[in-house]
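Reading the structure
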Amino acid sequence: MAHGGTPAAVAGHATEAAHHHAPQSFWRRYVFSTDHKIIAIQYLLTSLIMAAVGGFLAMLMRVQLGWPGKEWPLLEAIMPNAFKGGQMDPDFYYGAVTMHGTIMVFFFLTTALSGGFANFLIPLQIGARDMAFPVLNMLSFWAFPVSIAFALASFFVQGGAPGTGWTAYVPLSERETAGQTLWLISVFILMLAFLAGGINYITTTLNMRTKGMSMSRLPLTVWALFATALIGLFAFPALMAACLMLIFDRVGGTHFFDPAGGGDPILWQHLFWFFGHPEVYIVILPAMGIVSEVLAAHGRKPVFGYKYMVGSMLTIAGLSFLVWGHHMFSSGMSPTLGSIFMVTTLAIAIPSAIKTFNWLATIYRSKMRFTAASLYAIGFVSLFITGGLTGIILGNPSVDLYFHDTYFVVGHFHFIMGAAALFGVFAGIYHWFPKMFGRMMNERLGKIHFWLTFLGIYGTFFPMHFLGTAGMPRRIYNWDAYQFLGDVATLNHVISISAFVLGAAQLIFAYNLFYSMFRGPKAERNPWQANTLEWWAPSPPPHGNWDEAEPVVYRWPYEYSPKDAPEGVDHIPQWLPEPAMAVAGRDGQRAR
């Protein structure tokens, strides 16, 4: 264990023997587990369940927006309070809008990527046996379901879920029902959990790397998760403070945000977006790391511009704190300040463009194996380019003033943060499923899932840009009530039908996931012939990750198709020493 002789490293040595003996009771082994892999799977499965809830709410919203005014007797029979008289209740619609955004951003994308993949990959890819603080890690996870309970409880209190959107703007959120208070408590608890998780990830990455694993040999997934944890360390406290202040306003009689009492509603926007824009990168950076890893492993080609990829991620992490004002162009901001935020916003396009160029250069002339994982990684690049280009348009204050409250923003947001990050999650699941569960997913079902999802996303979100140019406001309940929107009916029909296809495609994924978990073919140790350390561990890895001694690292993680390798050897894993290069092919076969 390299670890540089740090206290955490010494502690890791001291507890090495204990790591070889997994807890035997069901509760300690699978429920209140301190094993980072079990916690990762807990995060991942819980977040997927929440994605199903959030996705279901989205389907209901598209029912309303596709055919406003239409009566739905079947839905009334199932949800009589939500569909009074057969039509969706407006208050339920706005509650669904709020909870869909909250669930998908906080309870799915952030937790799946920063909770699920971070927990699974960081110790395995740096050669550690577990996180630096396993008990804190367990507590971080169990704060997650507590947070979910508060959020979902808002549906059942008087007045229902809050209708303020996931941004909870004041003064509306100061006057909302009791569900808004539950929402604030829920988000505060979740931010606390993320903060504890981030401290764990940073400490583990810095102090528990195995021998030979220098920072310059870290896989891009670890770099991405490390940068994400750094962002969270500074971003989450801003939202936690805002939530506490708003709770005090609502139940304690303070007036932080209420202008009637001397407060300032714009303060909420500053605090929210100081968190909110870095949150975009908290979601997208781990997906970027996953995509880089998958493209290299399945393309049998080194990642193009490794150092520039790392530098771009760190630059994005830093710049993410300088662009929050572009969400507030329409708040009465001075033109000078707006211009400054425009410059910082456009500046962040430079490292983003470098990463995009490097992905395309990695794909170019690669020996791509078109698996479900690689298809999702390639699809991510497509979605990121589409969402990024529309982001440049919105970075201009004069253009943003028109588009700000329209469906153009909804389309852009869902491409760059929702769909692209979702593709990162799917790429990661298809790639690391064999290591997580020791079994393979069905590739044919995976490819069907990809194509239906890819087409469903473009069919759902691309037309939203045209709705925006037509002036259709976002969060609108009944666009049919406005004469100037009379021409958007067909577009809304197309979007709703595409959304239903997108939703149905996820049933294929759910079947493939759970069937393969128990009945899939058993996986080899290294089914993708990949180079990073997790593929040296058995599938699934035992408690403590490594059978005997911890691995030693001899090279960077992207030694694919090396020119000086013996014939038949197309990859040299990180754990193989230099003298063994000549037998890399034989050892690689043995590892599988």
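The structure reproduced in this document is the subject of the present report. (Residues numbered from 1 in each chain as written. Predicted model: local features only at pLDDT ≥ 70, side-chain atom pairs only at ≥ 80, totals over all residues. Heavy atoms only, no water.)

Focus: the environment of A361
Our working definition: Secondary structure counts use DSSP, requiring at least four H or I residues in a row for a helix and at least two E residues in a row for a strand, with both numbered from the N terminus. Note on classification: 1.4 Å probe, protein chains only; a residue is buried when its accessible area is under 20% of the maximum for its type, exposed when over 50%, partly exposed between these limits. By definition, residues are in contact when any of their heavy atoms lie within 4.5 Å.
Relative to the assigned elements, A361 resides in helix α14 (residues 349–363). We classify A361 as buried; its relative accessible area is 15%. As for A361 and V303, which are separated by 58 residues in sequence, their C-alpha atoms are 8.4 Å apart. Contacts of A361, omitting those with residues within four sequence positions, involve K301 and F304.

Some details on the packing of helix α13 (residues 335–347) against α14
Our working definition: Helix axes use the C-alpha atoms of the stretch in contact, all axes being lines fitted to C-alpha atoms, and the angles between their N-to-C directions lie in the range 0 to 180 degrees. These descriptions rest on fixed angle ranges, namely under 35 degrees for roughly parallel, over 145 for roughly antiparallel, 65 to 115 for roughly perpendicular, and the rest for oblique. Just so you know the grouping, Ala, Val, Leu, Ile, Met, Phe, Trp, Tyr, Cys and Pro go in nonpolar, Asp, Glu, Lys and Arg go in charged, and all remaining residues, Gly too, go in polar.
Their axes nearest at 5 Å, the elements α13 and α14 cross at an angle of 15°. Considering their axes alone, α13 and α14 lie roughly parallel with respect to each other. Only A349, I350 and P351 of α14 make contact with α13, whose side of the interface consists of T345, L346 and A347. Grouping the constituent residues of the contact of α13 with α14 by class yields five nonpolar, one polar and no charged.

Points about helix α17 (residues 407–437)
To be explicit about the condition: Bend, in this description, refers to the angle at a residue between axes fitted to the seven residues ending there and the seven starting there.
Roughly 45° is the biggest bend found in α17, and it falls at H431, with proline P434 one to four residues downstream. Across the 31 residues of α17, 28 count as buried, placing the element largely inside the fold. Within two residues after α17, G438 carries a phi angle of roughly 75°, on the positive side.

Remarks on the side chain of Q574
The criterion, for reference: Each polar contact in these results corresponds to two N or O atoms within 3.5 Å; when the atoms are within protein, one needs to be able to donate a hydrogen and the other to accept it, and residues that are neighboring in sequence are counted only if both atoms are side-chain atoms.
Along the polypeptide, Q574 turns up in the loop between α19 (489–519) and α20 (584–591). A polar atom in the side chain of Q574 sits 3.2 Å from the backbone oxygen of R555. Apart from the residues within four sequence positions on either side, Q574 is in contact with M213, R217, P219, N531, T532, L533, V552, V553, Y554, R555, W556 and P557.

Here's the deal with the nonpolar core
Inclusion rule: Throughout, nonpolar core names a set of buried Ala, Val, Leu, Ile, Met, Phe, Trp, Tyr and Cys residues whose side chains join them through atoms within 4.5 Å.
Core analysis: the largest hydrophobic core is formed by 178 residues, its most contacted members being F106, F117 and F380. With 21 residues, helix α6 (residues 90–126) is the single largest residue contributor to this core. Setting aside chain neighbours within four positions, we find F380 in contact with I284, A287, M288, V291, W359, A420, F423 and G424.

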